[in-house]
Amino acid sequence: MDAVLAEAGERRIGWASRAMPVLTAIGAGFGGDRPLDGLKVAACLHVTAETAVLMGALKAGGADIALAASNPLSTQDDVAAALADYGIAVHARAGVDRDTYYRHIHRALDIGPDIVLDDGCDLVNILHTERPDVVVKGGCEETTTGIIRLRQMAAEGALRFPMVAVNDTRTKRMFDNRYGTGQSTLDGIMRATNTLLAGRTVVVAGFGYCGRGVAERAKGLGARVVVTEIDPVKALDASLQGYGVATMAEAAEIGDVFVTVTGNRDVIRAEHLALMKDGAILANAGHFDVEIDVRALESMAEEVHYQVRPNTDEFVVNGRRLLLLAEGRLVNLAAAEGHPAAVMDMSFSAQALTVAWLAAEHASLKPGVYDVPDGIDARVAGLKLAAAGITIDGLTADQEAYLHSWRSGS
């Protein structure tokens, strides 16, 4: 491994850890308690400095770890080099092709993990389709797209072991999905294009927690925001918050910047691409590169100019230039650095504590999708408040009794 690269990775990890006091404290506690002694952990996550802090906490707890990338464009090679120096098996390299990406996941699984960590469900999918030889006690899923797939597996009776929906905690949805995705997505768009968003029309496809974050940040930068949705309740929510609501066909004609945040495929299709104006920017903030129909865009283009700017490809369709960012992959991780470390501090703290909980409780859990225990979510939020020097009120004895009694009148 390149020593110079590893040194740069150590500096990057050190910088991230400064903004991750909760996970750092949990890692220190793990070093004393060793809740993961003797356990093998295989992870398929974005190989970034923030992930490295999580890997360090799990290793401090006694885990033997193998890490593969959940997105080849998000891998930070210097971080991968530094983690290898820490004694963690890393199977990841920036920009690898699809076959190599899956080969890396298989290598991570070769350790025979007891517990798995996934971001998008690719690792769990391979366990069920190609690696029935690997017997897993349980795992965690980090993102909305992965949870959707896991719940489908559970509904069909296909899921072989318990998986915990770390994505669905209150802290994760609020802090990571809304504030993290909102900020980092626009960061990626602006780095890739140097576009002024003020006065532009930004179309946000999907008004879940991530979509709300993108819409809020774009509005705060002076953009006119239009939301597209398939859920009438979410569409109504967007309307009542002051956003325009339209179909994608309607939005395609007026949008300057398009951001897909749905967890589904073919959100922007050929019929929409045919309507877009010259200079329209296409960005995806959903986990997989299927939300924008890139194949349709390629087939429609009479010219393609790759890398007109870093992470920006220009497709000329009927004389109009359509700008695709990060090959249709996660723009916030491919064109920027993903969520700020302070955001991942909470998400990965919940992840670390859930792994320890799984290590202790897996024998009592049947195959299925489980919520993170409320106590873990509350503990993470409390530790984050304490790290920020914030104190809050507690219930008095009378208030506690009132909340737990139905006999009290008005």
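Structural data are supplied above this passage.
Residues numbered from 1 in each chain as written. Predicted model: local features only at pLDDT ≥ 70, side-chain atom pairs only at ≥ 80, totals over all residues. Heavy atoms only, no water.

*Asks:* Just to check I follow, could you spell out the overall build of the protein for this structure?
*Replies:* Along the protein, the regular secondary structure elements total 17 helices and 15 strands. The C-alpha atoms of the protein give a radius of gyration of 22 Å, which matches the 22 Å a tight globule of 410 residues would have. The dimensions of the protein, computed from C-alpha atoms along their principal axes, are 70 × 65 × 45 Å. Of the contacts made within the protein by residues no fewer than 6 positions apart, 69% connect residues no fewer than 24 positions apart. About 18000 Å² of surface is accessible on the protein, with carbon and sulfur atoms providing 51% of the total. (Helix = DSSP H or I, 4+ residues; strand = E, 2+ residues; numbered from the N terminus. Rg over C-alpha atoms; globule rule 2.2 N^0.38 Å. Contact = heavy atoms within 4.5 Å. Areas by Shrake-Rupley, 256 points an atom, 1.4 Å probe, with all protein chains shown as cover.)

*Asks:* Can you walk me through the packing of helix α15 (residues 341–361) against helix α16 (residues 374–387) in this structure?
*Replies:* A packed helix pair is summarised by two numbers, namely the angle formed by the two axes and the spacing between the axes. Two elements in contact, α15 and α16, have axes separated by 10 Å at closest approach and are oriented at 140°. In terms of their interaxial angle, α15 and α16 are classed as oblique. Crossing handedness for the pair α15 and α16: right-handed. Between α15 and α16, the contacting residues are A342, D345, M346, S349, A350, L353, T354 and W357 on the first element and I376, R379, V380, A381 and K384 on the second. (Axes fitted to C-alpha atoms, helices over the stretch in contact; angles between N-to-C directions. Parallel < 35°, antiparallel > 145°, perpendicular 65-115°, else oblique. Left-handed = near helix turned anticlockwise from the far one by under 90°.)

*Asks:* Would you explain the nonpolar core in this entry?
*Replies:* Generally speaking, a soluble globular protein has its nonpolar side chains buried in company with each other. One finds M20, L23, L54, M55, L58, L83 and L117 to be the most contacted residues of the largest nonpolar core, which totals 52 residues. Here this core gets 12 residues from one element, more than from any other, and that element is α15. Listed in part, the 26 residues of the second largest apolar core include I189, A192, A223 and A283. (Core = buried A, V, L, I, M, F, W, Y, C linked by side-chain atoms within 4.5 Å. Buried < 20%, exposed > 50% of the residue type's maximum accessible area, 1.4 Å probe, protein only.)

*Asks:* What am I meant to see in empty space enclosed by the protein here?
*Replies:* Vacant regions in the atomic arrangement are exposed by a probe of water-molecule size rolled over the atoms. Per the counting criterion, the structure on display carries one cavity of 30 Å³ or more. In this structure, the largest cavity encloses a volume near 40 Å³. In terms of lining, the largest cavity is formed by A69, P72, T75, H91, A92, R93, V96, Y101 and H104. (1 Å grid on protein atoms, 1.4 Å probe; cavity = no way out; pocket = protein on both sides within 12 Å on 5 of 7 lines; lining within 4 Å. Points joined across faces, edges and corners; volume = space filled by probe spheres on them.)

*Asks:* Could you clarify how one ought to interpret the layout of surface pockets in this entry?
*Replies:* For the second largest pocket, the calculated volume is near 960 Å³. The wall of the second largest pocket is formed by 36 residues, among which R98, F288, D289, V290 and R329 lie closest to the centre. Within the residue set of the lining of the second largest pocket, elements represented by two or more residues are α5 (98–109), α6 (122–129), α7 (144–155), α13 (294–300) and β13 (312–317). Of the residues belonging to the lining of the second largest pocket, the class tally is 14 nonpolar, eight polar and 14 charged. (Nonpolar A, V, L, I, M, F, W, Y, C, P; charged D, E, K, R; others polar.)

*Asks:* I'm lost on the pattern of salt bridges in this one. Help?
*Replies:* Note that side chains of opposite charge can pair when their charged atoms are close. On inspection of all chains with the given rule, the structure shows 23 salt bridges. With a shortest N-O distance of 2.6 Å, R178 and E216 are connected by a salt bridge. Separated by 38 residues along the polypeptide, R178 in helix α8 (residues 170–193) and E216 in helix α9 (residues 209–220) bring together distant segments of the chain. What makes R178 partly exposed here is its relative accessible area of 28%. A relative accessible area of 18% means that E216 is categorised as buried. (Salt bridge = Lys/Arg side-chain N within 4 Å of Asp/Glu carboxyl O.)

*Asks:* I keep staring at the side chain of H104 and nothing clicks. Help me out?
*Replies:* Assignment of secondary structure puts H104 in helix α5. For H104, a relative accessible area of 7% corresponds to the buried category. In contact with H104, not counting residues within four places along its chain, are A68, H91, A92, R93 and V96.

*Asks:* Explain the sheet that holds strand β4 (residues 115–118) here, please?
*Replies:* A sheet is described by the order of its strands in space; here seven strands give the open sequence β3-β2-β1-β4-β5-β6-β15, paired in parallel fashion. The sheet is open, and its two edges are formed by β3 (89–91) and β15 (368–371), each paired on a single side. This sheet shows a mean twist of 20° between the axes of neighbouring strands, independent of strand direction. Strand direction decides the pairing type here: strand β5 (residues 138–141) and strand β6 (residues 162–165), joined by three bridges, are parallel. Within β6, the residue paired with G139 across the bridge is M163. Strands β1 (40–45), β2 (64–69) and β3 of the sheet are contacted by α5, whose axis makes an angle of about 170° with β2. (Pairing = 2+ DSSP bridges.)

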